[in-house]
Structure formats: C-alpha cells, structure tokens
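# Structural overview
Take a look at the letters that make up each chain.
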Amino acid sequence: MRSILKTLLACVAATAASLASAQAENYPAKPIRFIVPYSPGGSTSMVARLIGEKITENWQQQVLVENRPGGSTIIGTQALAKSVPDGYTIMLVVNSHAANGHLLKNLPYDTMNDFVPVATLVKTELLLDVTPSVPASTLPEFISLMKSKPGQFNVATIGGGGVTRLMTELFLMETGTKAVHISYQGTPPMLTDLMSGQVQFIFDTPVTTLPFAKDKRVRPLAVTGPKRLAAFPDVPTFTEMGMPQIDMNVWFMVIAPAGTPKPIINKLNAEINRVLSLPDVKNVLAQQIMEPFVSTPEESDKMLRAVYDQYGRIIAKAGIKLEQ
C-alpha cells in the first residue's frame, strides 16, 4: 500500500512539473501587469517603464506599468497578493518592502511568505553629506566632532522607516554617536535645510547629491559600497575608512505572488537579466548613477531575507515607529 501511495505521489509531482513546464513554454500569452506601488514620475516608475518597454519589444506582449500608490505601499502590495500566481502580475519593490514587515501592524499580507522574488533590478549607494559650515573635511573628523557634542547635531531623513532613516540609525549605532532626528516628506526640503545649516548631515543618493556637491553647497564625506563612485572619485568608501559594517544601499527588486510556477519565475528572471545587459539600458541607469543588479531568483531571495533581518534588528534597537 505504501509503495502504491509513493507511486501515486510521484505521478502527481511529475504531472505538476509537466504542466508548469508547458505553462512556461507558452508564457507570456497575454499582457503582463507590472505594479509600481508609488506615484508616477519617480525613479521607480522610470526603471519599471525602461525594463517593461524592452521586455515588450522582445516578447511581443505588452508589459503594462500600473502605478498603485498609497498606504505606505500597502495598496499596491495587497493588489499583488490577491492576484493569480500565474506570472501575469508582478511588482517592483524597494527597501521599504522589507522594512514595512517590521514597522506596520496588521498588514493584509505576509511580507516574506506571500511573495517570491523574481529578480533584482538596480542598486545605488548612499552618501553621507554634511552642511559646508560643519568644520570637518573627513569622516573621522566628523565622527570626533559629533562625539564632542553629543545630541547637538540634527540629521534629516525621509519618512519614518525609509532607507535613509535605517542608514542613519546604523551609522549612529556603529559610531557611538547621537543626533536629533528630523523627518521630511521629500528630498528637496531636506537638501534645502542641509544647505542652510538647519540640519548638519544626511544620507542621500548620489544622483540627488551630485549637483549640490559640484556647487560646494553640500560636502560628501563617505559613500557606501565596495568601491568609489565615478561621479565622486574623491569621496572614500566607509570600508576604506575602516568601517565596512556601515553599509546599506538602495535597491529595486521584482516580486510575484507566492505559488507562481518556478519555470515562469526563471523565464522572467532570464529576460530581466537580458534587459539589464543592454548597452542603452546601462547608459540610462548610469545617468541616474544606478548600477544593474543582476541576480538569480535564489540570490534575490537570499538578499531579501538578509536585509529583512538586518532592518528588523535596526528598527528594534532604535525603537523606530512609523510616522504617518
């Protein structure tokens, strides 16, 4: 009897695998819905449309980018969670997807179990910028200055649990410094107050820092990542300064509903990676000081779980509460 049951289970598994393979072979047979849980006009929409247009050209099926902002990305993410796991609905997420699982109570989905990573898309590092009036020209000098005046420096971040806030808390924890946190709704007012000296330092993306750094209205002291940026050749990395543990970047990833057939996930992953290798795509990303972030679904999953755990530790230790 046990032998018969094993045989039946093996047959079921083989049939399921065969059906999944057939689905993937015919995929895509209709347009693909690509949710972006943010308002149009930002870098997330730009990247989604860039990738979507190239996939459309190659597969001859429309990739329809759909902006679904609101609720700290809950609206768009819930729409993905409720969609059929057939590869025809995918979504772009950023760092906040991992942070929200720790910050938001009673989410209508399980951040780590209701979705499956398809591929990473891009990444960009973070710069530590100080206001020009701060009498420190190097990272060690700035840290020493902060330690000599505990709690007398203001730091600006965007939102309650965004990557700039998480990076700020990581920096303060690892350097043993203190600062007064001021939350902003967007980058322009944050940069305005940095340049005027209302806040003394921020963590920001290279593309938004660049024009102000060129005009010497802000002073970058260090950058995350394994190497210096071509746009900031004189700015050392935290690793160069002996602080490799201070490392966090901005990343974009594509996810799908849990249960999406693995052959379809693999087919999407291969196509996205093909697009990221195109010279014109690389050129557009380079203009935004972004790098293609090529990975397998398994590597994407491993990364997501690692940052989910890292963000959880930072949020718990810093006592961060989402500001709404």
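### Points about the layout of surface pockets
- By volume, the largest pocket amounts to about 1300 Å³.
- Along its surface, the largest pocket is lined by 39 residues, and Y38, V94, S96, I158 and G162 are the ones closest to its centre.
- Counting only elements with at least two residues in the lining of the largest pocket, the list comes to α2 (43-59), α4 (95-103), α6 (163-175), α8 (206-214) and β10 (250-257).
- Of all the elements, α4 adds the most residues to the lining of the largest pocket, at four residues.

### Observations regarding the packing of aromatic side chains
- Applying the stated criterion across every chain yields a total of nine aromatic pairs.
- Ring centres 5.6 Å apart and planes at 70° place the aromatic pair Y109 and F115 in the edge-to-face group.
- Aromatic rings pair up to connect F142, F153, F171, F201, F203 and F238 into one cluster.
- The ring of Y88 carries K30 above its face, with NZ or CZ at 4.8 Å from the centroid.
- The cationic tip of K123 hangs over the ring face of F293; the distance from NZ or CZ to the ring centre is 5.3 Å.

### Observations regarding the pairing of strand β9 (residues 219-223)
- The buried fraction of β9 is high, at four of five residues.
- Where strand β5 (residues 127-130) and β9 come together, four bridges link them in antiparallel fashion. Of the residues in β9, the one forming a bridge with L127 is V223.

### Focus on the nonpolar core
- Counting residues in hydrophobic clusters, the biggest one holds 85 residues, and the most contacted among them are F142, F171, F201, F238 and W251.
- Leaving out residues up to four positions away in the same chain, F238 has contacts with L128, L139, M167, F171, F203, A222, V223, T224, M243, P244 and I246.
- Of all hydrophobic cores here, the second largest spans 17 residues; its members include L191, I202, V223 and L229.

### Structural notes on the sheet that holds strand β8 (residues 201-204)
- With mixed pairing, five strands are arranged side by side in an open sheet as β7-β6-β8-β5-β9. One side of each edge strand has no neighbouring strand; the edge strands of this open sheet are β7 (180-184) and β9. Sheet twist, expressed as the average angle between the axes of neighbouring strands with direction ignored, equals 30°.

### Comments concerning the side chain of T168
- Positionally, T168 belongs in helix α6.
- What T168 contacts, discounting residues up to four positions off in sequence, is V155, T157 and F203.

### Details of the packing of α6 against helix α11 (residues 297-318)
- Where α6 contacts α11, the axes come no closer than 10 Å and their chain directions differ by 70°. Taken together, the axes of α6 and α11 lie roughly perpendicular to each other. Considering only the axes of α6 and α11, their crossing is left-handed. For the pair formed by α6 and α11, the contact residues are L166, E169, L170 and M173 on the first element and Q310, Y311, I314, I315, K317 and A318 on the second.
- Considering only residue class, the contact of α6 with α11 consists of seven nonpolar, one polar and two charged.

### What to know about α2
- Spanning 17 residues, α2 covers 24 Å between terminal C-alpha atoms, matching the ideal 24 Å at 1.5 Å per step.
- All buried positions along α2 are accounted for by T44, S45, V47, A48, L50, I51, G52, K54, I55, T56 and W59.
- Taken from the residues just after α2, Q60 is the one with a positive phi, measuring 60°.

### Some details on unusual backbone geometry
- Backbone torsion omega between Y27 and P28 reads -5°, so that peptide bond is classified as cis.
- Of note, P28 is situated in the loop between α1 (2-26) and β1 (32-36).
- A positive phi is found at Q60, a non-glycine position, where the angle reads about 60°.
- Checked against the element boundaries, Q60 lands in the loop between α2 and β2 (63-67).
- Judged by its relative accessible area of 63%, Q60 falls in the exposed class.
- Its identity is not glycine, yet I289 carries a phi of approximately 55°, on the positive side.
- Following the sequence through the fold, I289 ends up in the loop between α10 (279-287) and β11 (291-292).

The rules behind each value
- Along each chain, residues carry numbers from 1 onward, in the same order as the chain's sequence is written.
- pLDDT decides what is reported in this predicted model: residues at 70 or higher carry local features, side-chain atom pairs at 80 or more are listed and counted, and totals for whole chains, interfaces and linings draw on all residues regardless.
- The side-chain quantities take in all heavy atoms of the structure and omit both hydrogens and water.
- For cavity detection a 1 Å grid was placed over the protein atoms alone, and a set of points counts as a cavity when a 1.4 Å probe fits there but cannot get out; an open set counts as a pocket when protein lies on both sides within 12 Å along at least five of seven lines, with lining residues being those that have an atom within 4 Å of a point.
- Grid points are joined across faces, edges and corners, and a volume is the space filled by probe spheres set on the points.
- Working definition: helices are DSSP H or I runs of at least four residues, strands are E runs of at least two. Numbering for both runs from the N terminus.
- Pairing of aromatic side chains here covers Phe, Tyr and the six-membered ring of Trp, requires ring centres within 6.5 Å, and sorts the geometry by plane angle: under 30 degrees stacked, over 60 edge-to-face, intermediate tilted.
- Working rule: Lys NZ or Arg CZ, within 6 Å of ring centre, within 35 degrees of ring normal, means a charge sits over the ring.
- Each residue's exposure class comes from its accessible area (1.4 Å probe, protein chains only) as a fraction of the maximum for that residue type: buried when under 20%, exposed when over 50%, partly exposed otherwise.
- Only strands joined by at least two bridges in the DSSP assignment are considered to pair.
- Side-chain atoms within 4.5 Å link the members of a nonpolar core, which is a set of buried Ala, Val, Leu, Ile, Met, Phe, Trp, Tyr and Cys residues.
- Contacts were defined at the residue level, with two residues in contact if any of their heavy atoms lie within 4.5 Å.
- Axis definition: a line fit to C-alpha positions, over the contact stretch in the case of helices; interaxial angles, taken between N-to-C directions, run 0 to 180 degrees.
- If an angle is under 35 degrees, it is roughly parallel; if it is over 145, roughly antiparallel; if it lies from 65 to 115, roughly perpendicular; otherwise it is oblique.
- For any pair of crossing helices, the crossing counts as left-handed if the nearer helix is rotated counterclockwise from the farther one by less than a right angle, and right-handed if it is rotated clockwise.
- The nonpolar class holds Ala, Val, Leu, Ile, Met, Phe, Trp, Tyr, Cys and Pro. Asp, Glu, Lys and Arg form the charged class, and all remaining residues, Gly among them, are polar.
- Each residue after the first adds 1.5 Å to the expected span of a helix.

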